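# Secondary and tertiary structure notes
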Amino acid sequence: MHLKKISLFNFKNFTEATFEFEHKINCFVGKNGIGKTNVLDAIYHLAFGKSYFNSLAVQNIKHNEDFFVIDGEFEKNTRLEQIICSLKKGQKKILKRNGKLYEKFSDHLGLIPLVIISPTDADLIREGSEIRRKFIDTVISQLDTIYLQELIQYQKVLAQRNALLKYFALNRTFDNETLEVYNEQLNLYGTKIHKKRKLFLNDFIPIFDKFYKLISNSSEDVYLEYESQLENQDLISLLQENVTKDRTLQYTSVGIHKDDLVFSIDGFPIKKFGSQGQQKSFLIALKLAQFEFVKKQSGEKPILLFDDIFDKLDESRVSQIVSMVNNDEFGQIFISDTHSNRTENIVKQTHQSYKIFNL
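The following refers to the structure shown.

A word on the side chain of His-257. Tracing the sequence through the fold places His-257 in the loop between helix H7 (243-249) and strand E10 (260-265). For His-257, the side chain forms a polar contact with the side chain of Tyr-154, separated by 2.8 Å. Each residue touching His-257, except ones within four places of it in the same chain, is listed here: Arg-133, Tyr-154, Leu-158 and Thr-252.

Okay, here's the thing in structure tokens:
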């Protein structure tokens, strides 16, 4: 799988631009604010139907314009795939494959395996558990459409149960039978989701450990652990035990929507005790493990986006990443960087074909 060409119309800071890509390495270099990351985000759009950086889709339209269009041409197993993602103000976003409109964006997920590594990944360490659950769910959903549907159903039932709890509080009433209906549905979907998350992390964590050791030369011990309320008790019991608490809070306080990943270094939270370089290495290892996992499960090398990752990494850690490219572990790679000389020196070491776009 590789991206041959992309055309942008009114996307972020681009009025109109077309890029034709090299099969192996493509680099976007230039000053901050010039649009390097925007090109990577456009590529991400074609794989996931949404932005990696901005949850408000309309904000991806260029200022003073009414729409954006991203048109990409991929080659997958010698077959060409045209993917178009577009949005007009006041209308629903559109995603097309070879001219055919997707009814559900979830039907597209997995067609174009892709992994992005970006400075915004620091939120995985800095922010709350929701963003770490999203990471788990994104990886699994790329490979398991049933999991994605189970997740959608769980979130729908959760919203309905929360609305019911608010209704009880507002009307000073309570109906345990109705609540039990939602409990049973949450238990049905939540148990399946927990099982798949656990199986995924059993496979994923050893891969992560391998990559961290490679990048850091094993200079420190890091740990990645799955934390779930369902480890010691089934969800139906948890929901029943916490019904009084939930009625007071007016929302569901237990379930797989509370799951988390715990990140630590030498036995301490990496958020507090990891240096910038260590945290960045941790995040890169996390994303490279995602790449490796998707590659093994799907049988093809995902497209890899490196957004400004060479800052705050010492020469040793950069060279380890370069050696992985030399070993042909990766497929097509896109890199953004502010330093053109640094970028060219790095890609030359890979002895792979490359193309540099100066923006």
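Among the residues of helix H11 (residues 340-348), those classed as buried are Thr-343, Ile-346 and Val-347. The buried residues of H11 all sit within an arc of 90 degrees when viewed along its axis, so they share a single face.

All right, on to the packing of helix H3 (residues 129-143) against helix H4 (residues 145-171) then. At their nearest, the axes of H3 and H4 sit 6 Å apart, and the two run at 130 degrees to each other. The angle between H3 and H4 falls in the class oblique. Two secondary-structure elements touch here, H3 through Asp-137, Ile-140, Ser-141 and Leu-143 and H4 through Thr-145, Tyr-147, Leu-148 and Leu-151. Grouping the constituent residues of the contact of H3 with H4 by class yields five nonpolar, two polar and one charged.

Another point: the pattern of salt bridges. By the definition in use, this model includes 16 salt bridges. Note that Glu-300 and Lys-76 form a salt bridge whose closest N and O atoms lie 2.6 Å from each other. Of this pair, Glu-300 sits in the loop between helix H9 (276-298) and strand E12 (303-307) while Lys-76 sits in strand E4 (residues 67-76), and the two are 224 residues apart along the sequence. Comparing Glu-300 with Lys-76 shows no difference in burial state: the two are buried. Asp-259 is the partner of Arg-197 in a salt bridge, and the nearest nitrogen-oxygen pair spans 2.9 Å. Taken together, the positions of Arg-197 in helix H5 (residues 176-216) and Asp-259 in the loop between H7 and E10 put the pair 62 residues apart, joining distant regions of the chain. For the pair Arg-197 and Asp-259, a shared accessibility class is recorded, and that class is buried. Connected via shared salt-bridge partners are Arg-79, Glu-81 and Arg-97.

Quick look at the packing of H3 against H5 now. Packing of H3 against H5 brings their axes to within 11 Å, and their N-to-C directions diverge by 85 degrees. In terms of orientation, H3 lies roughly perpendicular with respect to H5. Across the interface between the two elements, Arg-133, Phe-135, Ile-136, Asp-137, Val-139 and Ile-140 from H3 touch Lys-196, Arg-197, Phe-200, Leu-201 and Phe-204 from H5. In the contact of H3 with H5, the residues fall into seven nonpolar, no polar and four charged.

On to the packing of aromatic side chains. Evaluated as defined, the whole model comprises 23 aromatic pairs. On the basis of an interplanar angle of 90 degrees and a centroid distance of 5.5 Å, the ring pair of Phe-19 and Phe-357 is categorised as edge-to-face. Of this pair, Phe-19 sits in strand E2 (residues 14-20) while Phe-357 sits in strand E14 (residues 354-358), placing them 338 residues apart in sequence. Exposure class is identical for Phe-19 and Phe-357. Each is buried. An aromatic cluster is present here, built from Phe-14, Phe-19, Phe-21, Phe-28, Phe-334 and Phe-357 joined pairwise through their rings. Against the face of Phe-174 rests Arg-247, its NZ or CZ located 4.0 Å from the ring centre.

Either a parallel or an antiparallel arrangement is found when strands of a sheet pair, and the pairing is made through backbone hydrogen bonds. One open sheet accounts for six strands, arranged E2-E1-E4-E5-E6-E7; its pairing is antiparallel. For this open sheet the edge positions go to E2 and strand E7 (100-101), each flanked by a neighbour on one side alone. The strands that helix H1 (residues 36-48) touches are strand E1 (2-11), E2, E4 and strand E5 (79-88); relative to E1, the one it contacts most, it runs at about 110 degrees.

Rules of the game
- Residues numbered from 1 in each chain as written.
- Predicted model: local features only at pLDDT ≥ 70, side-chain atom pairs only at ≥ 80, totals over all residues.
- Heavy atoms only, no water.
- Helix = DSSP H or I, 4+ residues; strand = E, 2+ residues; numbered from the N terminus.
- Polar contact = N/O pair within 3.5 Å; in protein donor to acceptor, adjacent residues only side chain to side chain.
- Contact = heavy atoms within 4.5 Å.
- Buried < 20%, exposed > 50% of the residue type's maximum accessible area, 1.4 Å probe, protein only.
- Arc of directions from axis to C-beta.
- Axes fitted to C-alpha atoms, helices over the stretch in contact; angles between N-to-C directions.
- Parallel < 35°, antiparallel > 145°, perpendicular 65-115°, else oblique.
- Nonpolar A, V, L, I, M, F, W, Y, C, P; charged D, E, K, R; others polar.
- Salt bridge = Lys/Arg side-chain N within 4 Å of Asp/Glu carboxyl O.
- Phe/Tyr/Trp six-rings, centres within 6.5 Å; stacked < 30°, edge-to-face > 60°.
- Lys NZ or Arg CZ within 6 Å of the ring centre and 35° of its normal.
- Pairing = 2+ DSSP bridges.

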